[in-house]
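# Chain and residue survey
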Amino acid sequence: MSSPADLPSRRDDHSRFAPPGGSSKSPRPSPAAGDFPYRDPSSERSPYASWPTANGQAMAGGWGQAADLMPPLRADQVLSGPPDAERHHRVDHSLEPQRSLAWKILSFFGTVNAIGWVGFIGMAWAAYAMPETLSAFGGIYALASFAAAVWAGLSMLSRMRRPLNVFITNVILAVIFPLGPLGVLIAVNWLIAKGTRKQVIWGAGIAAAMTVFGLWQEVRRPLDSAMFTSTDDVTGTISRLSVTQYVVGALIIYGIAVGIGSLRRLHATTTRAVETAHQAVANVSLAQQSERAAKENSQEHEKTAQVLREHLSRQQEREQIAREMHDTVAHQLSLLSLQASALEVTSTDPTVPESAKAMRESVHKALDEMRGLITSLRDSGDGGYTGTVPTATDLDALIAEAKDSGANVVSQVTLHRTEVMPAPLATAMYRIVQEGLTNAIRYSSGLPIDARIIAAPGVGVHVSITNEISPTARLAYQGKSSHAGIPGMKERARAVGGSVSSAEISGVWFLNASLPWTEREVS
């Protein structure tokens, strides 16, 4: 696409075209600035107003004397700017509107009539102009006149595509040979329809002059060679038409030619205006769609930004929790491990070292899990929990640790094909049993704890932990519980499609968990 700065050089490239009568090497001067069909940024008046068009086609103003030197432009091309320079030298027929079959048939018969009438009237006009006896030169001139009439008729084939060429051709032939003004008048109506404003003005003037010139040729002929005469019905006297009849006839013929051309020009201008309006509406619709898309994108970006802000806020909270756990809980556990180690070495009671060792190992295990939890909180975006994930086979060790700590645990564990148990289900089962035993040990104070665990494909996972609540423990822990254990177990169960229920009945605490495990999850 060319910029406005390129326009002067583009005009110079076309300066090789010149009007008839000039040098054949430079047939035409470059167009004036006002004739260029594209908008000049420094001009307040749009040059498109002077574009004559027909049937939705537009002809470049002042660019040439042949309609095919500039391709017809549609409204969207007018809005988008000039076409490429190499397209200026031919008509782009793909841009022409599609014509119906009826229009093509009428156009065909119109072309045939134009060729026939122009050729016939031209030869008749030339025949009437020739004397009865011809010299050698007169014979050649007569033959040339007949050939010129045929040429003028055949030129009507291009009257719609190249109205300027056809008009100039017929003017030249009518000046050199006595062919009459019919060819010029037919050509000028298409020039008016498709030519520029300047071409319309001087074309109409030349057509008027050629009409007068043709009538002058008719008037100066001898009476017996005149084409238009009248015969008196009584006397049989042959006489010329009156001046008034000649003038009226000329005005009628000229008016018909100019009127038809003006109607075609008006139709083309209206069609172009409608196309421009449709294009403007389409552009407005496109702008509205772009605006809506921009708003939607803005909303999506805002949602994304909000999600990122929430994610960052949560991550900051996790990092803060991780720091607090590391600085408080982990520190206290480390101190407890050191005290257990010291007690294991320095105590003289033979039963204390064994208990201190078990305490130290439990603290070390708790520290390992604490480190995994802290790492998971800090690196939550890397896949979640990064600590050791418990499995179903770890249940025996968990119950054994509870018994080693002095808890009175009576257990019955029945596990079947736990090696193929899904990892989320195994983790949920382990954590529920772990939390259930922790609560039972805290509130039983040495009283019996009954733990029953059944897990098998198709049967599911069922956990039942029952313990009596010691009055001493109830009083000691009253108001100090975080009440987070039961909700946490319920959340774990819901995550795998199960449920957890708990209740205190007559001083006995009942905890039941049911987790689904189907045969399909095994296969």
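Residues numbered from 1 in each chain as written. Predicted model: local features only at pLDDT ≥ 70, side-chain atom pairs only at ≥ 80, totals over all residues. Heavy atoms only, no water.

Two numbers describe a pair of packed helices, the interaxial angle and the distance between the axes. Orientation of helix H3 (residues 101-129) relative to helix H6 (residues 182-194), taken along the N-to-C sense of each, is 150°, at an axis distance of 9 Å. Here H6 runs roughly antiparallel to H3, going by the angle between their axes. For the pair H3 and H6, contact is made by Trp117, Val118 and Ile121 and by Leu182, Gly183 and Ile186, respectively. The class makeup of the residues in the contact of H3 with H6 is five nonpolar, one polar and no charged. (Axes fitted to C-alpha atoms, helices over the stretch in contact; angles between N-to-C directions. Helix = DSSP H or I, 4+ residues; strand = E, 2+ residues; numbered from the N terminus. Parallel < 35°, antiparallel > 145°, perpendicular 65-115°, else oblique. Contact = heavy atoms within 4.5 Å. Nonpolar A, V, L, I, M, F, W, Y, C, P; charged D, E, K, R; others polar.)

Overall, the coordinates contain six aromatic pairs when judged by the stated rule. Where Phe213 meets Trp216, the ring centres are 6.0 Å apart and the plane angle is 25°; that geometry is what we call stacked. Pair noted here: Phe213 and Trp216 are both in helix H7 (residues 197-220), with a separation of three residues, about one helical turn. Its relative accessible area of 27% is what places Phe213 among the partly exposed residues. (Phe/Tyr/Trp six-rings, centres within 6.5 Å; stacked < 30°, edge-to-face > 60°. Buried < 20%, exposed > 50% of the residue type's maximum accessible area, 1.4 Å probe, protein only.)

Moving on to the nonpolar core. Judged by nonpolar contacts, the single largest core of 31 residues is most densely connected at Met421, Met429, Leu437, Val461, Ile465 and Leu515. Mapped by element, the contributors of at least two residues to this core are helix H11 (395-404), helix H12 (423-444), strand S6 (449-456), strand S7 (460-468), helix H14 (485-495) and strand S9 (508-515). Per-element tally for this core: the top contributor is H12, with nine residues. Setting aside anything within four residues of it in sequence, one finds Leu437 in contact with Leu398, Ile399, Ile449, Ala451 and Ile465. With 27 residues, the next largest nonpolar core counts Leu173, Leu185, Ala187 and Ala257 among its residues. (Core = buried A, V, L, I, M, F, W, Y, C linked by side-chain atoms within 4.5 Å.)

As judged from the eight bridges shared by S6 and S7, these two strands associate in the antiparallel manner. In the strand pairing of S7, Ala455 is matched with Val461. Hairpin geometry of S6 and S7 is characterised by an intervening segment of three residues between the two adjacent antiparallel strands and by a positive phi of about 90° at Gly458. (Pairing = 2+ DSSP bridges.)

For the rest of this paragraph, the subject is the environment of Ala455. Mapped onto the fold, Ala455 is located in strand S6. Accessibility expressed as a relative area gives 1% for Ala455, which makes it buried. Separated by 61 residues in the primary sequence, Ala455 and Pro516 place their C-alpha atoms 9.5 Å from one another. Among residues more than four places away in sequence, those in contact with Ala455 are Thr414, Leu415, His416, Met421, Met429, Gly460, Val461 and Trp517.

Both trends apply: most residues other than glycine have a negative phi, and most peptide bonds are in trans. The phi dihedral of Arg417 falls on the positive side, at around 55°, and the residue is not glycine. Among the structural elements, Arg417 can be located in the loop between strand S5 (409-415) and H12. For Ser506, which is not glycine, the phi dihedral falls at a positive 55°. Within the element layout of this structure, Ser506 appears in the loop between strand S8 (499-505) and S9.

For the structure on display, the rule yields four salt bridges. For Lys295, the salt bridge identified is with Glu291, shortest N-O distance 3.8 Å. One end of the pair is Lys295 and the other is Glu291, both in helix H8 (residues 243-327) and four residues apart, which spans about a single turn. For Lys295, a relative accessible area of 49% puts it in the partly exposed group. Glu302 serves as the salt-bridge partner of Arg309, at 3.2 Å between the closest nitrogen and oxygen. Exposure remark for Arg309: the relative accessible area of 43% places this residue in the partly exposed category. (Salt bridge = Lys/Arg side-chain N within 4 Å of Asp/Glu carboxyl O.)

Here we come to the sheet that holds S8. Ordered by their spatial adjacency, five strands build an open sheet running S5-S6-S7-S9-S8, and the pairing between neighbours is mixed. Edge positions in the sheet fall to S5 and S8, since each has one partner strand and no second. Shown here is a sheet whose adjacent strand axes are inclined to one another by a mean of 5°, direction ignored. For S5 and S6, the ladder comprises seven bridges, and the chain directions are parallel. Each bridged residue has a counterpart across the sheet, and for Val413 the counterpart in S6 is Ile453. Along the sheet, H14 makes contact with S8 and S9, crossing S8 at roughly 150°.

Let's shift gears to H11. Listed in full, the buried residues belonging to H11 are Leu395, Leu398, Ile399 and Ala402. With its buried residues spanning 95° around the axis, H11 presents them on a single face. Along H11, exposed side chains directed more than 90 degrees from the buried face belong to Asp396 and Asp404. Where H11 is buried, its residues touch S5, H12 and S6. Looking at the residues trailing H11, positive phi occurs at Gly406, about 105°. (Arc of directions from axis to C-beta.)

Relative to the assigned elements, Leu367 resides in helix H10 (residues 352-378). In this structure the C-alpha to C-alpha distance between Leu367 and Val329, which are 38 residues apart in sequence, comes to 9.1 Å.

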